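Now for the letters of each chain:
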Amino acid sequence: MQRRQLLQAASAAIALPGLALAQAYPNKSIRYIVPVSAGGGSDMIARVVTERWGKALGQAFVVDNQSGGGGVVACQTTARAPADGYTLLQGYVATHGTTPATRKVAYDAIKDFTPIGMIGATPNVLAINAGLPAKDIKEFIDYVKRNPGRVNYGSAGAGSLTHLTMELFKQETGTFMLHIPYRGIAPAINDVLGGQTQAMFPGLAAALPHLRSGRMRALAVTGKERSPQLKDVPTMEEAGFKGFDAMQWYGTVGPAGLPADIVRRLNETQVAVLKAPDLAEKLAGEAVEPWPMTPEQFGEYMRSDIARWTALAKARKIQLDE
């Protein structure tokens, strides 16, 4: 009888290897790679989410900050890790959108990763120096066209979302503005405030203090809905720019080939965490709205984002390796 039971148990284990793996997972801490230095908004999002996520899984997450190359270093580390669920990456619009669209990278943003789930997103805001006479997008476009070569825009760096979003705006409006790339968002914003540049498309969290102080003026935000922090500012779609989807998003991926049952367990617990009201309150500090998705939905979003920025980079002749 005992021998028969052992054989039955062995047969069940062979028939359902994924189930057995998922039931045992996780049995140790999970390495969570964040492709930026400690202390910034992305790092804060990772730590707030993984603290709660670890409790839901019964194992701690260990945040591993690996900055460098617009996320390339972190992506390579993750892509080469064993596909066992113990190394994950907080991808974002640079690692799986703008960087592979504008540079030759040593990883395939789709084939080398397993999508687990979207965490959330924050809009970009079309912001101008408060001294400009434009009060809305139409007036700003008219001002740029009346002053050819006199309007400059800043960005957080060549190939960044702030760069490509304004290039998308220029393409949609047929306007010309000179691009001034900076090494980070802070100096770019400082020069808009000082009048050295006249406009930019920063993330809402970075721009909000200056918009509230009145030193910068918000003309529109990206995204399909108005931001709770800027209820009187229209979306780009409301301003007539259909499909102008340029969001700073954050999501979790693992190496390619992650077992489906582990992906399902990670996604279900992540979604449960993202639906908690106290987490939404925490993320609001970075102007991030939780965007829980299935792995399939998140994978499709990443594919469409890469396609969008790749098409724009080609049309605007933005290839930073050349």
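Residues numbered from 1 in each chain as written. Predicted model: local features only at pLDDT ≥ 70, side-chain atom pairs only at ≥ 80, totals over all residues. Heavy atoms only, no water.

Asks: I'm lost on the sheet that holds strand E10 (residues 247-255) in this one. Help?
Replies: Sheets are built from strands paired through backbone hydrogen bonds, the pairs being either parallel or antiparallel. The strand order E2-E1-E3-E10-E4-E11 describes an open sheet built from six strands, whose pairing is mixed. Strand pairing shows two members of the sheet lacking a second neighbour, strand E2 (61-65) and strand E11 (289-290), which therefore form its edges. Of the pairings in the sheet, the one linking strand E1 (residues 30-34) to E2 comprises five bridges and is parallel in character. When the bridges of E2 are listed, Val34 appears paired with Asn65. Its contacts with the sheet put helix H3 (residues 41-57) on E1, E2, strand E3 (87-92), strand E4 (113-123) and E10, and the angle it makes with E2 is roughly 160 degrees. Helix H5 (residues 94-102) rests against E3, E4 and E10 of the sheet, and its axis sits at about 60 degrees to E3. (Pairing = 2+ DSSP bridges. Helix = DSSP H or I, 4+ residues; strand = E, 2+ residues; numbered from the N terminus. Contact = heavy atoms within 4.5 Å. Axes fitted to C-alpha atoms, helices over the stretch in contact; angles between N-to-C directions.)

Asks: Before we go on, may I ask you to explain the packing of helix H7 (residues 161-173) against helix H12 (residues 295-315) in this structure?
Replies: Angle between the axes and distance between the axes are the two parameters that describe a pair of packed helices. As a packed pair, H7 and H12 sit with axes 10 Å apart at the nearest point and diverge in direction by 65 degrees. With respect to H12, the element H7 is oriented roughly perpendicular. Read as a crossing pair, H7 and H12 show a hand that is left-handed. Taking contact as the criterion, the partners of Leu161, Leu164, Thr165, Glu167, Leu168 and Gln171 in H7 are, on H12, Trp309, Leu312 and Ala315. The class makeup of the residues in the contact of H7 with H12 is six nonpolar, two polar and one charged. (Parallel < 35°, antiparallel > 145°, perpendicular 65-115°, else oblique. Left-handed = near helix turned anticlockwise from the far one by under 90°. Nonpolar A, V, L, I, M, F, W, Y, C, P; charged D, E, K, R; others polar.)

Asks: So what exactly am I meant to see when it comes to the nonpolar core here?
Replies: Side chains that are nonpolar tend, in soluble globular proteins, to be buried together. Ranked by size, the top nonpolar core spans 78 residues in total, and within it Trp53, Leu88, Ile137, Phe140, Phe169, Leu266 and Trp309 carry the most contacts. Residue contributions to this core peak at seven residues, all from H12. Apart from the residues lying within four places of it in its own chain, the contact partners of Phe169 are Leu126, Ile137, Phe140, Ile141, Met177, Phe201, Met236, Phe241 and Phe244. Among the nonpolar cores identified, the runner-up in size contains 18 residues, and Ala127, Val192, Met200 and Ala287 belong to it. (Core = buried A, V, L, I, M, F, W, Y, C linked by side-chain atoms within 4.5 Å. Buried < 20%, exposed > 50% of the residue type's maximum accessible area, 1.4 Å probe, protein only.)

Asks: What is the right way to read the packing of aromatic side chains from this model?
Replies: Summed over the entire model, instances satisfying the criterion amount to 14 aromatic pairs. Summarising the aromatic geometry, the rings of Phe169 and Phe201 are spaced 6.2 Å apart at their centres and angled 65 degrees between planes, so their arrangement reads as edge-to-face. Within this pair, whereas Phe169 is found in helix H7, its partner Phe201 is found in the loop between strand E8 (199-200) and helix H9 (204-213), the two being separated by 32 residues in sequence. Phe201 shares its class with Phe169; the two are buried. With 6.0 Å between their ring centres and 25 degrees between their planes, Phe201 and Phe244 make a pair best called stacked. One end of the pair, Phe201, is in the loop between E8 and H9; the other, Phe244, is in the loop between strand E9 (216-221) and E10, and 43 residues separate them in sequence. Through a chain of ring-to-ring contacts, the aromatic side chains of Phe140, Phe169, Phe201, Phe241 and Phe244 assemble into a single cluster. (Phe/Tyr/Trp six-rings, centres within 6.5 Å; stacked < 30°, edge-to-face > 60°.)

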